[in-house]
Amino acid sequence: MKYFLKKAGFMAFTVFAVCALTFFLMNVIPGGTAELILKHTLIGLEESATEEQLIQFSSRYNLDDPLYLQFFSWVKEAVLRGDMGTSYVYKKPVIYLLALRLPATVQLAGASMALAIVVGVSLGIYSALQENRISDHILRIITLFGVSMPGFWVALILILIFSLKLKLVPVSGYGNLENMLLPAAALSLHSIASIMRVTRTSMLETLGQEYIRFAKAKGLPVWKIISRHALKNAMLPVITVIGFQTGSLLGGAVVIEKIFAWPGIGGLLVDSISARDLPVVQGCVLAIVTMYLLVHFLVDMLYTHLDPRIRYG
Amino acid sequence: MKNKNSPLFIILIILLTCSFLLASGCSSTEENDTKEAVSGTEITSGSDAKGSSEASTLVLGEMWEIDSINTLAGGGTLICEKAAITETLVGANDDFSLKPGLANSWEQLDENTWEFKLRDDVSFHDGSKMTVKEVKLTLEKIIEANPKVASMLKIDTIEEVDEYTLKIKTKEINPILPGILHYPDTAILSPSSFDGSGEFVKPIGTGPYKFESFDERTRILTVVRNENWWGGKVGLAKMVLKGIPDPNTRAMSIENGEVDFTVDVPYSETDRIGALDGIIVEKYKTPRVYKLDVNLKHDPLGDLRVRQAMSYAIDRHDIAEHVLYNVGEAAAGPFLPTMVWANKSLSPYTRDLEKANELLTAAGWVDTDGDGIRDKGGKPLKLNMMTYSARPGLPPMAEAITAQLKEAGIGVELEIMEVGSINDRRKKGDWNLYLAAYNIAMVPDPEYILTNWYMTDGSDNQPGYSNPKVDSLITEARKITDLKERYKKFSDVEAIVYEEQPMIIIAYYGCAIVKKDYVKGYVFDPTAHDYRINAGMYIEK
């Protein structure tokens, strides 16, 4: 119990620190907040704002207050009332925008992670069993390819094959299951490769252990050795990698989202940064950091489950 | 391993588990989807157009993400020009001269007073009549919400003379008032577009298409035919607008038949896609120019000869053909030659390296050390050039200009930056050249652009250009309401800046319309801000 409290305290501190850092960094990058917001909303990217418009806008949103005051009032509202402010650009509450976008991100991240785990772990085991045979080499070359190929290129090639040539799925959009297949596949490629490589290494190490040799000597069939004894012990490093990958997927996949017109949080964050839509940036960062920390917390819990020798507290 | 088959067996099991996992994963996401659809955040106007035939529904692939349908907060152009839900008081012809819109006629009573006569046969989509009351309300809402439009309109008071006559008093003389009322943000809304507390809910206008729904989650906007449009018959029963921000995706979407109409596929792809069966690509000019700002405060660029030499060194036709793939055209002055006020005697600078050489040599810039870059007094002729990547034509164009200037012995270091950083550098004056794409007809009148660009204190006069003759011509012309005389003075300004090149205009911006061949009756509106959907467009399969 004490451990959980400590962990929760640490997480809260991390969230706070990241939000503070984001807030001050956003104000340090050049460009002038009021001017860029105006450019992105009312006057057009290439037009110049007049002095009068800038003053009016700054005073409406208290942009001229000292930074620490602005940040303090944001924290106060967020903590006391759960109000993360209103977007300058969309004129909607940040909570509302997040509620619109987060499900899409979670769906996409979930689907591509499921795909990555299933394919990555299976291929990893297979590759370990086939160590240094032809199929192992081929698989390892393919994964090297998977790690090296940029996501947007893979995405376009996937669309070319599965939408234009085979006519199996639509090019872009959001809402149906078939819309999710291509972005999930494009996004998972990198994770598949990492998971597979870690699984292979870890599996090989485990297979060299004495208890595995004993199990073999006992005459257990291979699949039983793998599933009962080897896999569980080989999973620890794999779980770590899965945790990291899930975290980064939840942060949004800006390029993939743009190509498939997927309404996720990554696009929202990037647009908001270039428009200096501070409340939205803060909200997105807060959501991403929280999800990331939760995933890592889950990973820690899984450790104790997989290896009872690990104890926290 | 003794049993050769066993690894295969394992794979079989794993594959089975995979398919099981995938299947269960899929079904659970499917459940999620349906749940969302129920609790979805769709705003629907209630009108039921389910009965309309599939055949006359058009799916439009819009070039920007559809984030807002609020015409007071950035959604004006989309709702008015692309979704054709709202209309403006004033319209414009292809040569940018004004024509009646929701207002039949207008007249300047004295210096600061305008009278607009409204059409008396216009109804909003909610069935109510459009009278001066609604027009006044809309204009007041816009002035309150949009400081840019407010500062252009310069409206002091709006008066209702009778049901269809509106009197507008401006704070100072403002000959471009009717032109500003052509701007999509000033389109007229029914009061029922707002809720009790005055918050915007959905756009209810007078246009050929009625708002049906906007799904904030999928960001799909649906509009249906307005059977009672004052302008006559409307071509499509229904139009579905989806934002597809990636140009490659737009191209593949129309190739795959998911959209019937889209714009601006990658410029390099226009010819390939136009050659496909069943797809038509049309290239038009839009009121925007690619312009190279020159910082006159920095030593060599203050010299007229250097600027002219640069203009001669740039091959505009080559850029239009090989960078823009003819989505755009070589430019002479800031205005399209089709605009009624443009100075038609100007033609684009053609490339002439010899002339450039003469001018630069006369200015004292000669390559003495043989490194390919000219120098003077031991200082090489090296400049920096900033641009941004939000418009796809800019970075490759900047590369081309860099290479072409190099051939004339001018070294350019290219920096592609974020708009915020560019602003910062421009404010500090820490730049030489800046390539950007400027809108030239937010308002169909030359005053706005010439004032902002070339007047000594103009808000977009970043080069720091100052010519008393130009200033006085513009100031005089601004007070003249007689169009012919007014345009004459503006033409003189154009001729002067053509000679002096404080800003090097490279090319006119283009728009590639990509549509299926069964989409008929589309007419491009050159005065639109990206493109406009016209009521006469229909589908004939």
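Residues numbered from 1 in each chain as written. Chains lettered and ligands numbered in written order. Predicted model: local features only at pLDDT ≥ 70, side-chain atom pairs only at ≥ 80, totals over all residues.

1. What to know about the overall build of chain A
Next, step 1: Check the secondary structure of chain A and you find 13 helices and zero strands.
Next, step 2: When its helices and strands are written in sequence order, chain A yields α-α-α-α-α-α-α-α-α-α-α-α-α.
Next, step 3: Structurally, chain A occupies a C-alpha span of about 85 × 60 × 30 Å along its principal axes.
Next, step 4: When the 313 residues of chain A are sorted by exposure, 41% land in the buried category.
Next, step 5: Relative to all contacts within chain A whose residues are 6 or more apart in sequence, the contacts with residues 24 or more apart total 71%. (Helix = DSSP H or I, 4+ residues; strand = E, 2+ residues; numbered from the N terminus. Buried ≥ 20, exposed ≤ 12 C-beta atoms within 10 Å, placed from the backbone. Contact = placed C-beta atoms within 7 Å.)

2. Regarding the confidence of the model for chain B
Where the model shows low pLDDT, its predicted coordinates should not be examined in detail.
All names here are of chain B.
Next, step 1: Per-residue confidence for chain B gives a mean pLDDT of 86, with 90% of residues at or over 70.
Next, step 2: Within the model, the stretch residues 1-10 combines pLDDT values under 50 with 13 contacts to residues more than four positions away or in other chains.
Next, step 3: The low-confidence segment residues 16-42, where pLDDT is below 50, has 22 contacts with residues more than four positions distant or belonging to other chains.
Next, step 4: If you check the scores for this complex, the pTM reads 0.82 and the ipTM reads 0.81. (pLDDT = per-residue confidence, 0-100.)

3. Structural notes on unusual backbone geometry
Next, step 1: Positioned with a positive phi, Ala261 of chain A is a non-glycine residue whose angle comes to about 50 degrees.
Next, step 2: Summarising the element assignment, Ala261 of chain A is placed in the loop between α11 (254-259) and α12 (265-274).
Next, step 3: With a phi close to 55 degrees, Lys154 of chain B is a non-glycine residue in the positive phi region.
Next, step 4: Looking at the element boundaries, Lys154 of chain B is found in the loop between α4 (147-153) and β7 (155-162).
Next, step 5: Judged by C-beta crowding, with 18 C-beta atoms within 10 Å, Lys154 of chain B ranks as partly exposed.

4. Comments concerning the pairing of strand β8 (residues 165-170) of chain B
Residues and elements named next belong to chain B.
Next, step 1: As paired elements, strand β6 (residues 113-118) and β8 share five bridges and run antiparallel to each other. Bridge pairing in β8 places Phe116 opposite Leu166.
Next, step 2: In this sheet, β8 lies alongside β7 in antiparallel orientation, the contact comprising six bridges. Across the sheet, the residue bridging to Thr157 is Lys169, located in β8.
Next, step 3: Connecting β7 to the next strand, β8, in antiparallel fashion are two residues. (Pairing = 2+ DSSP bridges.)

5. Some remarks on the confidence of the model for chain A
Next, step 1: Per-residue pLDDT for chain A averages 85, and the proportion of residues at 70 or more is 98%.
Next, step 2: Within chain A, the lowest mean pLDDT, 76, falls on helix α2 (residues 33-43) of chain A, and the highest, 90, falls on helix α5 (residues 94-129) of chain A.

6. A word on the nonpolar core
Next, step 1: With 230 residues, the main nonpolar core has Ile195 of chain A together with Leu435, Ile506 and Ala507 of chain B as its most contacted residues.
Next, step 2: Sorting elements by how many residues they give to this core places α5 of chain A first, with 19 residues.
Next, step 3: If near-sequence neighbours (up to four positions away) are discounted, Ile195 of chain A is found in contact with Ala116, Ile117, Gly120, Val121, Gly124, Val238, Val241 and Ile242 of chain A. (Core = buried A, V, L, I, M, F, W, Y, C linked by C-beta atoms within 7 Å.)

7. A word on the pairing of strand β5 (residues 103-110) of chain B
Residue and element names in this part refer to chain B.
Next, step 1: As judged from the six bridges shared by β5 and β6, these two strands associate in the antiparallel manner. In the strand pairing of β6, Ala103 is matched with Leu118.
Next, step 2: Between the antiparallel neighbours β5 and β6 lie two residues.

8. Observations regarding the domain arrangement of chain B
Next, step 1: Assigned domains of chain B: these are domain 1 (86-193), domain 2 (216-284 + 511-539) and domain 3 (286-510).
Next, step 2: Taken residue by residue, the interface counts 15 residues in domain 1 of chain B and 13 residues in domain 3 of chain B. (Domains from an automatic or database assignment.)

9. With respect to the environment of Val201 of chain B
Residues and elements named next belong to chain B.
Next, step 1: Within the secondary structure layout, Val201 lies in the loop between α5 (177-180) and β9 (209-215).
Next, step 2: Looking at Val201, the number of C-beta atoms within 10 Å reads 14, which means it is partly exposed.
Next, step 3: Here the alpha-carbon distance between Val201 and Cys511, two residues 310 residues apart in the chain, equals 32 Å.
Next, step 4: Apart from residues lying up to four places away in sequence, Val201 is in contact with Ser193, Phe194 and Asp195.

10. A word on helix α11 (residues 394-407) of chain B
All names here are of chain B.
Next, step 1: Here α11 contains 14 residues, and its C-alpha end-to-end distance of 20 Å stays within 8% of the 20 Å for a straight helix at 1.5 Å per residue.
Next, step 2: Three or more residues of α11 are buried, namely Met397, Ala398, Ile401, Gln404 and Leu405. Seen end-on, α11 carries its buried residues on one side only, within an arc spanning 130 degrees.
Next, step 3: Just past α11, the residue Gly409 takes up positive phi, approximately 85 degrees. (Expected span 1.5 Å × (residues − 1). Arc of directions from axis to C-beta.)

11. Looking at helix α9 (residues 210-218) of chain A
An α-helical turn contains 3.6 residues, so a residue and the one three or four places further along point in the same direction.
Next, step 1: Of all nine residues that make up α9 of chain A, zero are buried, and the element is exposed over most of its length.
Next, step 2: Phi turns positive one or two residues past the end of α9 of chain A, at Gly219 of chain A, with a value near 95 degrees.

12. Some details on the packing of helix α10 (residues 222-250) of chain A against helix α13 (residues 278-306) of chain A
All names here are of chain A.
Next, step 1: Axis separation between α10 and α13 bottoms out at 9 Å; the angle between their running directions is 175 degrees. Regarding the angle of α10 to α13, the classification is roughly antiparallel. Contact with α10, carried on its side by Lys232, Met235, Leu236, Ile239, Thr240, Gly243, Thr246, Gly247 and Leu250, involves Ile288, Met291, Tyr292, Val295, His296, Val299, Leu302, Tyr303 and Leu306 of α13 and no other residues of that element. (Axes fitted to C-alpha atoms, helices over the stretch in contact; angles between N-to-C directions. Parallel < 35°, antiparallel > 145°, perpendicular 65-115°, else oblique.)

13. Considerations on the sheet that holds β8 of chain B
The strands making up a sheet associate through hydrogen bonds between their backbones, and the pairing can be parallel or antiparallel.
All names here are of chain B.
Next, step 1: The four strands are arranged β5-β6-β8-β7 in an open sheet whose pairing can be described as antiparallel. At either margin of the open sheet sits one strand with a lone partner, and together these are β5 and β7. On average, each strand axis in the sheet is inclined to that of its neighbour by 20 degrees, with strand direction left out of account.

14. Things to note about the environment of Ile69 of chain B
Residues and elements named next belong to chain B.
Next, step 1: Locating Ile69 in the fold gives a position in the loop between β2 (57-62) and α2 (76-82).
Next, step 2: Overall, Ile69 belongs to the buried group, with 23 C-beta atoms counted inside 10 Å.
Next, step 3: The sequence separation of Ile69 and Cys511 amounts to 442 residues, and the corresponding C-alpha distance is 23 Å.
Next, step 4: For Ile69, the residues in contact, after removing those within four places along its chain, are Gly75, Ile79, Lys202, Pro203, Phe214 and Leu221.

15. Topic: the packing of α5 of chain A against helix α8 (residues 177-207) of chain A
Residue and element names in this part refer to chain A.
Next, step 1: Here α5 crosses α8 at 35 degrees, and the two axes come no closer than 5 Å. Both α5 and α8 take part in a crossing whose hand is right-handed.
Next, step 2: For the contact of α5 with α8, the per-class residue count stands at 22 nonpolar, eight polar and one charged. (Left-handed = near helix turned anticlockwise from the far one by under 90°. Nonpolar A, V, L, I, M, F, W, Y, C, P; charged D, E, K, R; others polar.)

16. Side note on the environment of Thr206 of chain B
Next, step 1: Turning to its location among the elements, Thr206 of chain B is positioned in the loop between α5 and β9.
Next, step 2: Thr206 of chain B has contacts with Thr86, Glu87, Leu102, Val122, Phe124, Met130 and Ile188 of chain B, leaving out every residue within four places of it along the chain.

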